[in-house]
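Notes for the structure review
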Amino acid sequence: MQYLTINVDSINSKFKSFAIRLNSLQYSQLKDKLQAPIRTARHLMVHQSLGDRFQAAFAEQVDKNGVYQLPSGSSPLEPCIGCMLKLPEVKLQKRCADLEEGSCRQCYCRPLWCLSCMSKWFAARQDQHRPDSWMSSMAPCPMCRAQFCMLDVLRVDAGSGGVRIP
């Protein structure tokens, strides 16, 4: 486990600087919650957990999957129901050609989740002793329980139109 000491300086001169000590997992969670960036020294390497590395790979795959464009006239998106911090960034749309029993199914839920929360949900439903299988596995939709794989996760575009697949 890697521990970090973070010096916090306020842009407001009324507040004194202070330091906090975190482990690398807490540091990652803190970065997700802050509105301002954390500047790190060039020589500093913060080790990523297995979950952090999976989230990065999940996001990379989602970026390759295509974009779901919200239909014109859709109601405004509400905050992610996982973290309540970001607007929904992903939509589950069956795209894979898996025809076997227990395969992916169409999810009819509206976009409700940010990419970070969806990747954490997906990872939490995988065999924790076989992380090498996570990228090719499936998980149930958090709301309707329709099975999906990573190929079915699309980025949301709030513009008008239907689904655009590259």
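Please refer to the structure higher up on the page.
What comes next concerns the included structure. (Residues numbered from 1 in each chain as written. Predicted model: local features only at pLDDT ≥ 70, side-chain atom pairs only at ≥ 80, totals over all residues. Heavy atoms only, no water.)

**Comments concerning the nonpolar core**
Counting residues in each nonpolar core, the largest one holds 25 residues, and the members touching the most others are Phe58 and Met118. Residue assignment for this core shows that the elements contributing at least two residues are helix H2 (50-65), strand E4 (90-92) and helix H3 (115-124). Examining the composition of this core, we find that six residues originate from one element, H3, more than from any other. Once residues lying within four places of it in the same chain are set aside, the contact partners of Phe58 are Leu115, Met118, Ser119, Phe122, Met150 and Val153. (Core = buried A, V, L, I, M, F, W, Y, C linked by side-chain atoms within 4.5 Å. Buried < 20%, exposed > 50% of the residue type's maximum accessible area, 1.4 Å probe, protein only. Helix = DSSP H or I, 4+ residues; strand = E, 2+ residues; numbered from the N terminus. Contact = heavy atoms within 4.5 Å.)

**Here's the deal with the side chain of Asp152**
Examined against the element boundaries, Asp152 turns out to sit in the loop between strand E6 (147-149) and strand E7 (153-157). No salt bridge is formed by the buried Asp152. Its closest oppositely charged neighbour is Lys94, at 5.7 Å. Only 2.8 Å separates the side chain of Asp152 from the backbone nitrogen of Arg95, close enough to count as a polar contact. Once residues within four sequence positions are removed from consideration, Asp152 is found in contact with Asn65, Lys91, Leu92, Gln93, Lys94, Arg95, Cys96 and Cys104. (Lys, Arg positive; Asp, Glu negative; His and termini not counted. Salt bridge = Lys/Arg side-chain N within 4 Å of Asp/Glu carboxyl O. Polar contact = N/O pair within 3.5 Å; in protein donor to acceptor, adjacent residues only side chain to side chain.)

**Comments concerning a nonpolar patch on the surface**
Where nonpolar side chains cluster on the molecular surface, the patch consists of Ile81, Met84 and Met143 and spans about 300 Å² of accessible area. Following the sequence through the fold, Met143 ends up in the loop between strand E5 (138-140) and E6. Judged by relative accessible area, which is 47%, Met143 ranks as partly exposed. (Patch = residues over 30% accessible without salt bridge, like charges linked within 9 Å, V, L, I, M, F, W, Y side chains within 5 Å. Areas by Shrake-Rupley, 256 points an atom, 1.4 Å probe, with all protein chains shown as cover.)

**Description of empty space enclosed by the protein**
For the structure shown, the criterion picks out one cavity of 30 Å³ or more. Of the voids in this model, the largest cavity is the one considered here, and its volume is about 70 Å³. Contributing to the lining of the largest cavity are 13 residues, with Leu92, Cys109, Arg110, Leu112 and Trp113 lying nearest its centre. With three residues, E4 is the single largest residue contributor to the lining of the largest cavity. Here the residues of the lining of the largest cavity sort into 11 nonpolar, no polar and two charged. (1 Å grid on protein atoms, 1.4 Å probe; cavity = no way out; pocket = protein on both sides within 12 Å on 5 of 7 lines; lining within 4 Å. Points joined across faces, edges and corners; volume = space filled by probe spheres on them. Nonpolar A, V, L, I, M, F, W, Y, C, P; charged D, E, K, R; others polar.)

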